[in-house]
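# Fold and contact review
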Amino acid sequence: MEGLLYTAFDLETTGLDPERDAIIALGAVHLLGQKVLRHEVFEALVDPGRPIPKASTEVHGLTWEMLKGKPKLQEVLPGFRLFLEDTVLLAHNGAFDMAFLERVGLHQPPLVDTLLLSYLLFPDLEDHRLETLAERFGVPVIGRHTALGDALMTAEVFAGMVPLLKAKGYRTLGEVLQACARLPLARLKY
């Protein structure tokens with residue numbers, strides 16, 4: 001796990017339905033093992049070509065007026081693909097983000113999901129939200145519900161989880177992925 005290059009990423013969208021809604025922001029940061037490479041980031045806002053529902057704007061603060069004239073998703077995807085190349089993907093509730101990415105033709109397993117890791121490490125925890133985990137690991141909750149802000153928090157949370165995973169006997173990425181795949185939550189689809 002420690003010698004691998006990861007890309008922690010997050011998306012903001014027009015809504016919660018990958019079949020109907022659109023990606024409007026992408027953020028990502030590289031990690032080498034547990035070291036967050038804050039100088040290696042990807043961030044893009046995307047014009048969805050249509051209004052954004054008020055309920056979605058209330059979550060991420062992005063409006064169509066802010067996004068009009070920004071690049072279209074197809075213009076942003078090649079750079080995002082390049083940023084992800086030869087890395088292990090890392091996300092919080094990654095099934096949601098991957099449903100959107102797969103719809104636009106981006107398939108790049110494996111995916112390490114800090115939500116699943118939280119259930120693996122803290123099965124009795126009642127709240128597995130990203131901000132709760134950030135607080136647990138002493139990670140500042142900055143830029144919540146922005147793509148890059150959430151990607152950075154996910155990266156820092158994962159860095160804090162690695163020693164705990166090793167202490168529980170998980171030495172390789174394969175062992176971690178197998179353990180996560182056995183969790184009931186791993187079957188969640190969007």
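Note: the structure precedes this text.
In short, a report on the structure. It should be emphasised that the depicted structure is a prediction, and the values quoted were computed from it without experimental measurement.

Moving on, we get to unusual backbone geometry. Even without being a glycine, aspartate 86 presents a positive backbone phi close to 60°. With a phi angle near 55°, asparagine 93 is a residue other than glycine that sits in the positive phi range. Of note, asparagine 93 is situated in the loop between strand 4 (88-91) and helix 4 (94-103).

This part is about helix 7 (residues 147-167). Because an α-helix completes one turn every 3.6 residues, residues spaced three or four positions apart along the sequence face the same direction. With 21 residues, helix 7 should reach 30 Å at 1.5 Å per residue; the first-to-last C-alpha distance of 31 Å fits that figure. Along helix 7, the sharpest change in direction is near 30° and occurs at methionine 161; proline proline 163 comes one to four residues later. Among the 21 residues that make up helix 7, 15 are buried, leaving the element largely enclosed by the rest of the structure. Within two residues after helix 7, glycine 169 carries a phi angle of roughly 95°, on the positive side.

When you tally the buried positions in strand 1 (residues 5-13), you get eight out of nine residues, the bulk of the element. Looking at chain direction, strand 1 and strand 4 are connected through three bridges and run parallel. Each residue of the ladder has a partner; that of threonine 7, found in strand 4, is leucine 89.

The final tally for this structure, using the stated rule, is seven salt bridges. Between aspartate 47 and lysine 72 there is a salt bridge whose closest N-O contact spans 3.6 Å. On the criterion of sequence distance, the pair formed by aspartate 47 in the loop between strand 3 (35-45) and helix 1 (54-60) and lysine 72 in the loop between helix 2 (64-67) and helix 3 (73-84) is long-range, its members being 25 residues apart. Classification of aspartate 47 by relative accessible area gives buried; the value is 10%. Between arginine 129 and aspartate 127 there is a salt bridge; the shortest N-O distance is 2.7 Å. The network of salt bridges with shared partners includes Asp127, Arg129 and Glu131.

How each quantity is defined
- Residues numbered from 1 in each chain as written.
- Predicted model: local features only at pLDDT ≥ 70, side-chain atom pairs only at ≥ 80, totals over all residues.
- Heavy atoms only, no water.
- Helix = DSSP H or I, 4+ residues; strand = E, 2+ residues; numbered from the N terminus.
- Expected span 1.5 Å × (residues − 1).
- Bend = angle between axes of the 7 residues up to and from the residue.
- Buried < 20%, exposed > 50% of the residue type's maximum accessible area, 1.4 Å probe, protein only.
- Pairing = 2+ DSSP bridges.
- Salt bridge = Lys/Arg side-chain N within 4 Å of Asp/Glu carboxyl O.

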